[in-house]
Amino acid sequence: MIILDIKNLTLEIESNGVLIKALDKVSLTVKENEIRALVGETGSGKSLIVRAISGALPPQWIVTADRLTWRGENLLTMKQAQRQAIMRRDIAVIFQDPMAALDPSSRLQEQLLESVPEEFVEGRYWWERNRSKMKIAKQILARVGIENVAQCINKYPHELSLDICQKFMIALALISQPTLLIADDPTRGMETNIKKQILALFTHLNKTRDLSILFVGHDLLAISAMAHSMTVLYCGQTVESGKMKALRKRPLHPYTKALLDSAPSFSPDLQPKSRLVALDGTIPTLQHLPIGCRLGPRCPRAAKECVQAPTERSINEHKYRCHYPLHLQVV
Amino acid sequence: MPDTSLYEEEHYPTPLQATWSEFRQRHVAVAGLGILIFFIIMAILGPLLTPFEPTTQHTDAVLLPPAWNDNGSILHILGTDALGRDMLTRLFYGTQITLFSSIITVLVALCFGVILGVIAGMSAGLRSSFINHILDILMLTPTLLIAIIIMAMLGTGLTNAMLAIGLALIPRFVHVTRDFVRQEMSKDYILTAKLDGATSSALFIYNILPNMVERLIVQGTLAISIAILDISALGFLNLGAQTLMPELGVMIADALSTAYIAPWNILLPGLAIFLMVLSVNIVGDGLRSAHRNRMSH
Amino acid sequence: MINTLFRFLNLTFITLCILVVLSFALAYFFPGDTWLNLFGAEFIQDQPTLMLVAEQTNVLMAFWYYIQALLEGEWGVSFATGNALYPEIMRLLPATLELSLYAITIALVLGIPLGFIAGMQYHKKIDNIFMSSSMVMYSFPVFWLALLLILIVSLQAQWLPMSGRLSLLFDIPHRTGFILLDIWLSDVPYKQAALYDALQHLILPTLSVSFIAFAVFLRTTRRSVADVLQTEYIKCAQTRGLPSSTIFFRHVLRNALLPVLPLLALQISTLMTNVMIVETIFSWPGIGDWLIQAIYERDFPAIRAGMLLVAMVVVVMTLSLECLSQMIDPTRDRFAYARH
C-alpha cells in the first residue's frame, strides 16, 4: 500500500524577475515497509524534496503538485495543525549534520525527554511521568545501538562523536514510532565502518519494526545493497524509478547507467591506467537550466527531440523519462 | 549589426559592489546616507556661504529667537546667542569642527588599531598576550576617564580631546582586526599563499586586507558616531574644545546660563549633533545588514 | 568551572596590578612635584624620614611604599580641600553605584524582554518599530538628553526636581551611602516623604542613562534571538513538531541569552561615562562629578585616586560579569573538542 505519493511536484522560485523551476515534475512513491532510495548528484534538489514533504520550505517557494498525499490525504491543502501533527507522529526526518541539528546548550537527556509524545507516557504525577519517559528513552537508545547509555545521556552534543550523535538523532526520530523515516544524507562525511553500522541499523529497523524509509543520498554502493526500490533524480527531474534489482540489472536511462558505472569497482581484472567512467560536464546551475530534458547537453545519446521534456513511460513498474532509453536502438 | 552573442556574459559583482547593491535596496539606509552627505556638504561649504563670522558679536541683536518667532529677524535666521553671535554661522562652523575632528580621530585610530591588531593576530605567545592585556584594560576603562587622564597630563584643548578619544577607540579596531586575522590565518587559502612563498606582509596586504575592508568600514562608521558623541561631550564639559571655539558641545554649555529664556540655543546645536549621529548610525546599520545579507547568499 | 574561576581571578589580579602601576606612573607624568603628587603634603610632613629615604632610593622602592600606602587606606591628600582622599571617595562612591545600578536594572528589565519580542517578530512591523525607535534612542547625546529632560520636565512642567539627591529639608544620616537604603534604615519621622522625595530626584538622572543603555540592550538581544532562530537545531525542532512554547523556553531563551551576556558586560564602561556626565548636569554628588571638579581645579592627587577607584570598579564589574557568563555557559568547551 502506498503511504507517500508524490506526482508532478514542481517547486518554483523567483530570481531576478524570472521564475526558475528548481524541481520539475518530480514523482516519487513510498510503499509500506519499503526502503526507497532517492539518488542524485549534489545540486539535484534532493533536500528540497525532503523540505517540501515536511513543510519546512521558506515562503518564497511556489509549490504545485498533482498529488502530494500522505496515506491519501493531501498535504498541500490540509490545515497547518493537522500537518504538524502528521510530522510529529507519522513522519520523522533525520538531517545531514547531527551536531548542528542538536541544541548545543542542553544535554541529550533533556532533548530526548521533551520529544516523547504524551500518548506513550503513563502515570499521573510528574515524577511518575518522568520515570516513564526515561524508561521509553532508554529503551529506544538501546535499540539504536548506543552502548553506555547512562554515560552518553548526560553529555552535551559537542562532547560526543559523530556516530553517537547520529544514532541519537535516529533515536529521537523513532521515539514517536513513525511510519515513515526520511533520512536526508545521514551518513555524509562518515567513515565507512560507521556508515555500515548506520545502514545496518536502518535495515534492521525496516525489517523488525515495519518502518518505511526514504533514504536520500548519493552513495550508490552503500544504498544499492540496502534499498528495495530507487528513484534517480537529475537536476530537479526524476529520470528513472523502479525496483532496485531491475535498475541494477538493466538501467533504462543513460544517467542511471552512468551513475552505476561510475561507482568504482575494485575487481581484480581491471586494466591498469584504465579511465574511470563518468559523464562529461557538470550539473547545470539554476540560472542556466537547459530546456527540455536537463541531461541533454551531457547525454551521449542526445538528439533533436531531447529539447522537449520527455513524458513518463513505464515497463512493469519500472518508470523512466527518456526519448532514447537504453533498451531502444538509437538510429 | 545583429546581436551575435550566443552566450550571456555572467556579470558577477565584486564583494564591495554586492554590498553596495544590497545597501541601495534599503531605502532608510539611503536616506541616512543622504542626510550624512548633506551634513558633510554643510561642513565643507557652509563656512563659505555664511555672511557672518562665528566669533563676531552683534551687540545690538543679543538673544534673538529664530526667524519664525515673532521677535526674531530674518537677518539671523536661527537667532543669536547670549553674546550676539549668529547661530546659523556657528552651527556651520560647529558642524565642520565636530564632524571633521571625529573623522580624523577615527582614521588615525583605525590605522594604529589595524597595525596593532595585525601584530597581535599574526603573532602568538607572550608578545600578543601582553598587547591583549593592555588593550583590554583600555577597552574596559570609560572613555571619559581616559580623557581626564590625558587632560591632566597634557592640558585641555580640542587636539588633546581627539587624542584621548582616539586612544579609547584603538582597542575596538584592534579587536576586530585581531579576531579576523586569527580566523583567517587558520583558513586554507592563507595556507596556499604561504606555501607559494608569500611573506607575512604580502599575505596581509593582498589576502587578508581586502577581505577585512568591509568590516573595517562598518566598525569605522560605528566609531565615528561614538567619536562625535564623545568629542561633543568633552566640549560640553569644557575638557575638550574651549569656550572660544564654535564647537557644538561648547555651544550647548555656553547656552546653559540662559537656558530658560532662550532654549533654542540648547536645542539647535544638540539637534545638529543628534542628526549627525543618527545619520551615521543609520548608514552604519545599513552597511552591516548589507554585509550580512551578502555573506548569507 | 574552577578553571574559569582561576583564570578570572588571575586576570583581575593582573589588571589591578597594571592599574596600580599606571596610577603610580601618572605621578611622574602629571605636572608638579612627584612626591607631593604621590603622598600629599600632609603625609610628607608627618613622615620626614620616609621622604628622605624615598627621594634617595630608586623608583621600585617608591613603588613599594606606594602600594603599602594604598593598602593602608592612605590614598593621598587633595590639593584643593586638604582632606584625605580615601574617606571622601568612599563616601561618594555609593551615590554613583546607586545611579548606575538602577539604570542598568531598568535597561535590562525592559530591554531584554522587548528584544526577545522584536527578535521573534523578525522583520515584521513590531520589529521595525522597535529597531527604528531604538536607533533614534541611542543616537541621542546623553548630555543633550539630560538637558532636554530638565528643560521640559523640571523647568517647563515643574514636575520633578532638577538637581541633587534629596531636598535640603530632609536630613538623613549617612549610613551606607545608598540613599534609598539609608532612608529605610533611619528612624526619622518623615520617612515616607523623604522616600518619595528621593525617588523624585532619582527619576530624571536614571532615565537619561537608562534611555541609551536600554536601546543598546534591546538591539543586542534582538540580534542574538534572530541568529538563534535561523539555526539548524531550531528548524529541526520545528520540523520534529515540538510545540512552540517548548522550543522558545527551552532552546531559544538559553541559546539567545548566553552570547548576549559578555556583550552587555562591555556596555558597562560606556554606561559609566554616561553616569559621570549626567552627574555633572544634575549635580548628583557622586564620583563622576567630583572627578570632573577635580580636573577643573587641577587637583592631581584627587584625579589619580578617583581614576584608580573608578577604573578598579569598572574592571571588576565587567570581568566578573564575563566570568559569570563563561561559567554558566555549557558550550564554553565547544572549540576544545576536535572537529569531525
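In this text, all values refer to a predicted model and were calculated from it rather than measured experimentally.

(A) Main features of a nonpolar patch on the surface. Taken together, the side chains of B:I37, B:I41, B:I44, B:L45, B:L48 and B:L49 make up a nonpolar region of the molecular surface, amounting to roughly 610 Å² of accessible area. Looking at the element boundaries, B:L45 is found in helix α2 (residues 27-49).

(B) Structural context of the sheet that holds strand β11 (residues 237-243) of chain A. Residues and elements named next belong to chain A. The strand order across the open sheet built from 8 strands is β7-β8-β9-β3-β10-β11-β13-β12, with neighbouring strands paired in mixed fashion. A single partner strand is all that each edge strand has here, and the edge strands are β7 (91-94) and β12 (313-315). This sheet shows a mean twist of 15 degrees between the axes of neighbouring strands, independent of strand direction. Alignment of β7 against strand β8 (residues 180-184), held across 4 bridges, turns out to be parallel. Bridge assignment links A92 to a residue of β8, and that residue is L181. Across the face of the sheet, helix α6 (residues 162-174) comes into contact with β7 and β8 while running at roughly 170 degrees to β7.

(C) Spatial organisation of the pairing of strand β10 (residues 229-234) of chain A. Residue and element names in this part refer to chain A. Counted residue by residue, β10 has 6 buried out of 6 residues, so it is predominantly covered. Where burial is concerned, the two faces of β10 agree: the one with S229, T231 and L233 and the one with M230, V232 and Y234 are both buried. Here 5 bridges tie strand β3 (residues 35-40) to β10, and the two strands are oriented parallel to one another. The residue of β10 that forms the bridge with V39 is V232. In this structure, β10 lies alongside β11, joined through 6 bridges in antiparallel fashion. Bridge pairing in β11 places V232 opposite E240. In sequence, β10 turns back onto β11 through a hairpin of 2 residues, with C235 there showing a positive phi of about 50 degrees.

(D) Layout of the packing of aromatic side chains. For the structure on display, the rule yields 13 aromatic pairs over all chains. Note on A:W126 and A:W127: the rings are 6.0 Å apart at their centroids and 80 degrees apart in plane angle, and the pair reads as edge-to-face. Connected via pairs of aromatic rings, a cluster forms that spans B:F274, C:F140, C:W144 and C:F211.

(E) The arrangement of the interface of chain C and chain A in detail. The partner chain A presents 25 residues to the 19 residues of chain C that form the contact. At the boundary of chain C with chain A, total buried surface from both sides reaches about 2,000 Å², with 58% on carbon and sulfur atoms. Inspection of the region where chain C meets chain A yields 2 salt bridges. Taking the shortest distance from any N to any O, the salt bridge between A:E114 and C:R250 comes out at 3.6 Å. Our count for the contact surface shared by chain C and chain A stands at 8 residue pairs in polar contact (both at pLDDT 80 or more). Within the residue set of the side of chain C that touches chain A, elements represented by two or more residues are α10 (232-240) and α11 (244-282) of chain C. Here the side of chain C that touches chain A takes 6 residues from α11(C), the largest share from any one element. Of the residues in the side of chain C that touches chain A, the class split is 6 nonpolar, 7 polar and 6 charged.

(F) Broad picture of the packing of helix α5 (residues 85-120) of chain C against helix α6 (residues 125-138) of chain C. Residue and element names in this part refer to chain C. At their nearest, the axes of α5 and α6 sit 7 Å apart, and the two run at 135 degrees to each other. Between α5 and α6, the angle is such that the two are oblique. Where α5 crosses over α6, the two elements pack in a sense that is left-handed. Residues L114, I117 and A118 of α5 lie in contact with α6, whose contacting residues are I126, D127 and F130. Considering only residue class, the contact of α5 with α6 consists of 5 nonpolar, no polar and 1 charged.

About the thresholds
- Residues numbered from 1 in each chain as written.
- Chains lettered and ligands numbered in written order.
- Predicted model: local features only at pLDDT ≥ 70, side-chain atom pairs only at ≥ 80, totals over all residues.
- Heavy atoms only, no water.
- Patch = residues over 30% accessible without salt bridge, like charges linked within 9 Å, V, L, I, M, F, W, Y side chains within 5 Å.
- Areas by Shrake-Rupley, 256 points an atom, 1.4 Å probe, with all protein chains shown as cover.
- Salt bridge = Lys/Arg side-chain N within 4 Å of Asp/Glu carboxyl O.
- Helix = DSSP H or I, 4+ residues; strand = E, 2+ residues; numbered from the N terminus.
- Pairing = 2+ DSSP bridges.
- Axes fitted to C-alpha atoms, helices over the stretch in contact; angles between N-to-C directions.
- Contact = heavy atoms within 4.5 Å.
- Buried < 20%, exposed > 50% of the residue type's maximum accessible area, 1.4 Å probe, protein only.
- Phe/Tyr/Trp six-rings, centres within 6.5 Å; stacked < 30°, edge-to-face > 60°.
- Buried area = accessible area lost by both parts, 1.4 Å probe.
- Polar contact = N/O pair within 3.5 Å; in protein donor to acceptor, adjacent residues only side chain to side chain.
- Nonpolar A, V, L, I, M, F, W, Y, C, P; charged D, E, K, R; others polar.
- Parallel < 35°, antiparallel > 145°, perpendicular 65-115°, else oblique.
- Left-handed = near helix turned anticlockwise from the far one by under 90°.

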